[in-house]
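Single-letter residue listing:
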Amino acid sequence: MLTLCSRALVKLGMVMPCHLVKPVSATLVAGRNMTQQKGLPSLPVPCLQQTCELYLSFLEPLLEVDELKRAKELVEEFQKAGGVGERLQRGMERKARNTENWLTDFYVRNIYFDQRKPLVIHSNIGALFPQMDFRDKQEHIRYAAELLAAFLDVKTMIDNETLPAEYMRGKPLCMKQYEQLLSSCRIPGLKTDSLVFYAKSSTPPKHVTVICNNQFFVLDVYNSDGNPLTVDQLYVQLEWICNSSLQTNMEPVGILTTQHRDIWSKTYSNFIKDETNKESVSAIQSSICTVCLDEAMPPVSDEMFRSSAILKILHGGGSQCNSGNRWFDKGMQIIIGEDGICGVNVSHAAGDGSVAMALCDYCVANMKKSQMMQSPMEPLPVPQKLPFNITPEVKKDIEEAKQHMDIMAQDIDLRAAVFDHFGKNVMKANKMSPDAFVQMAIQLAYYRMYQQCCSTMEPVSLRSFRLGRVAAIGSATTASAVFVKAFDDPKKQNSEKLDLLEKAVKVHRWLTNMAISGHNMPGHLYFLRMQAVEEKLSMPGIFTDTPIDKTIDCQISTSQITSKVGSLPCIGPEDPGTYDVCYSIMNDHIDLTVSTYEASDTGKKTNAPHLIRALEVALLDMRTLLEQTPRVTL
């Protein structure tokens, strides 16, 4: 059965090959803002024959001979003239003509809203900002005020539709996701969730929620003249909140949002039956964002600091640290820790990681300018502390959520490293696509560890189309399989190995170009299957055959995203027995993060430190191949 509860698609939205994207600029370009997207094209419906060919090409390195033969027979039956494939394709094309984007709505619904795993680690993503060094509490609060002011400046640009547009290969990108990250919240439901965008309401929110010592405060962030509070004004308000939060101890209500979605939805329904709780939750949900003023994390070694910091952004460090100092349903959570660990945690349903990172880059790079504004001479209203009525039943729910959160935090195996031997400069000097080069290194590293090729997915952007999100490409191709199997073969000459590498890179680039142009093989197949269900047809054999699962159930989910200000993407593993590999390719180094689960009942032993070391060795060995092998020039 074809499903989408897999790493292949659940984490797609984290990144695109971001070296292709011109990020948000600090300078407005006249006539090139968010309003331009009215002219963006609709996402095309892929060609049925092309999708079937890509599907078989994807399966070739992963199946035995007899399995592949069976898959080919089913594909031929599916796409024959006048067959069920053509019928489903016509139905899909009719539906596509009546919507702005045939993929995005059902992608968000099936990949995010219908998935019942916890948002923390499994779904939400984040960005870790460059490390800060706060000498005292005042510097901590000052930085929080500066960062919040920068986010409010960007919000003003989003509201006014003057945020500079992004481009990829000279084409404008859809900017809709920027509207969705702020003033949004995911609402838990029994079988499916929903996402509410409060900025489009009749009374758009003028407040943020500040969480400090597990207590929630409403902070109005606009003056009577309609302008955002200045840094100085925000500092005064945040300082008051910090002092006020020390006066009482509160149950960590926010940790309820870390639970399994079905459990949280039941708790949520009971929780908001109390009118006080309902009003407080409503204030959180409708806020522009949450600002999480965190306590310092327990100290770790220098070697483990980066890994520990990424985990703090992902899940808060557990029930004894800051996991209760969150509301993981919010579209945007801004995190500022006393220990200088700062960043954001973002709802993946609201937007892709590349968009969130671009927004954060803009804010971090422009934090200081708000200090130049003069504060209006008017008294500031006292922030409102949100009350909660904690019944014995709610307290029990909180304790269960704590235990569950701590188990998740203990099970995750994440390692981050800086590969400082070379970066994109070396790859480009050797006429290699940096992204494709790293993808081949990932394939080689995995093959060396397990002596087999694996299904590997990488997302690419569909934002050149109206309301576009992402498409998946399979990095494990026949060409990459031949390359990794030959690399350590002593019978192979270096010239042959280099030729195989160049072919594998070329295939990867071709697949990337196909996906960017709108050809999304996994998404197309899934939509055709849904069309069969809707038309109440007997399910075609292509969708019931076991190999179809390989198009979505991958062993490695990869993500590439690069920050101009040195921030790091934060993403957790989805399923036991699988890896997530996140990388940022800079000019002279590569930031690497590998995550998996320590506890696995799949029989497949995964190990993040081992894979990250194998990846570093693979990168070095591939560079050595380039340096030691003369290249034929025509």
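Residues numbered from 1 in each chain as written. Predicted model: local features only at pLDDT ≥ 70, side-chain atom pairs only at ≥ 80, totals over all residues. Heavy atoms only, no water.

1. Notes on unusual backbone geometry
Thought 1: For Arg 169, which is not glycine, the phi dihedral falls at a positive 55°.
Thought 2: Examined against the element boundaries, Arg 169 turns out to sit in the loop between β3 (167–168) and β4 (171–172).
Thought 3: Among the residues examined, Arg 169 registers a relative accessible area of 48% and is labelled partly exposed. (Helix = DSSP H or I, 4+ residues; strand = E, 2+ residues; numbered from the N terminus. Buried < 20%, exposed > 50% of the residue type's maximum accessible area, 1.4 Å probe, protein only.)

2. As for the pairing of strand β14 (residues 456–461)
Thought 1: Within β14, 6 of the 6 residues are buried, leaving the element largely enclosed by the surrounding structure.
Thought 2: With burial as the criterion, each face of β14 is covered, one bearing Thr 456, Glu 458 and Val 460 and the other bearing Met 457, Pro 459 and Ser 461.
Thought 3: Pairing of β14 with strand β16 (residues 556–560), which is carried by 2 bridges, proceeds in the parallel orientation. Bridging across to β16, Thr 456 finds its partner in Ile 556.
Thought 4: Examined bridge by bridge, β14 and strand β15 (residues 470–474) share 5 bridges and lie antiparallel to one another. The partner of Val 460 across the bridge, within β15, is Ala 471. (Pairing = 2+ DSSP bridges.)

3. Points about the packing of helix α2 (residues 48–59) against helix α18 (residues 521–534)
Packed helices, taken two at a time, are described by the angle their axes make and the gap between the axes.
Thought 1: The contact between α2 and α18 brings their axes to 10 Å, and the two run at 115°. In terms of crossing hand, the pair formed by α2 and α18 is left-handed. For the pair α2 and α18, contact is made by Leu 48, Thr 51, Leu 54, Tyr 55 and Phe 58 and by Met 521, His 524, Leu 525 and Leu 528, respectively. (Axes fitted to C-alpha atoms, helices over the stretch in contact; angles between N-to-C directions. Left-handed = near helix turned anticlockwise from the far one by under 90°. Contact = heavy atoms within 4.5 Å.)

4. A short note on the packing of α2 against helix α3 (residues 65–79)
Thought 1: Between α2 and α3, the least distance of the axes is 10 Å, while the angle of their chain directions is 175°. For the element pair α2 / α3, the angle class is roughly antiparallel. Where α2 approaches α3, its residues Leu 48, Gln 49, Cys 52, Tyr 55, Leu 56 and Leu 59 are matched on the opposing element by Leu 68, Ala 71, Lys 72, Val 75, Phe 78 and Gln 79.
Thought 2: Grouping the amino acids of the contact of α2 with α3 by side-chain chemistry returns 9 nonpolar, 2 polar and 1 charged. (Parallel < 35°, antiparallel > 145°, perpendicular 65-115°, else oblique. Nonpolar A, V, L, I, M, F, W, Y, C, P; charged D, E, K, R; others polar.)

5. Quick notes on the pairing of β16
Thought 1: With respect to burial, β16 is a largely interior element, 5 of its 5 residues being buried.
Thought 2: Burial along β16 is two-sided: the residues Ile 556, Thr 558 and Gln 560 and Ser 557 and Ser 559 are all buried.
Thought 3: Sheet topology note: the β16/strand β18 (residues 579–585) ladder contains 5 bridges and is parallel. Within β18, the position partnered with Ser 559 by the bridge is Cys 582.

In short, geometric facts, not functional conclusions.
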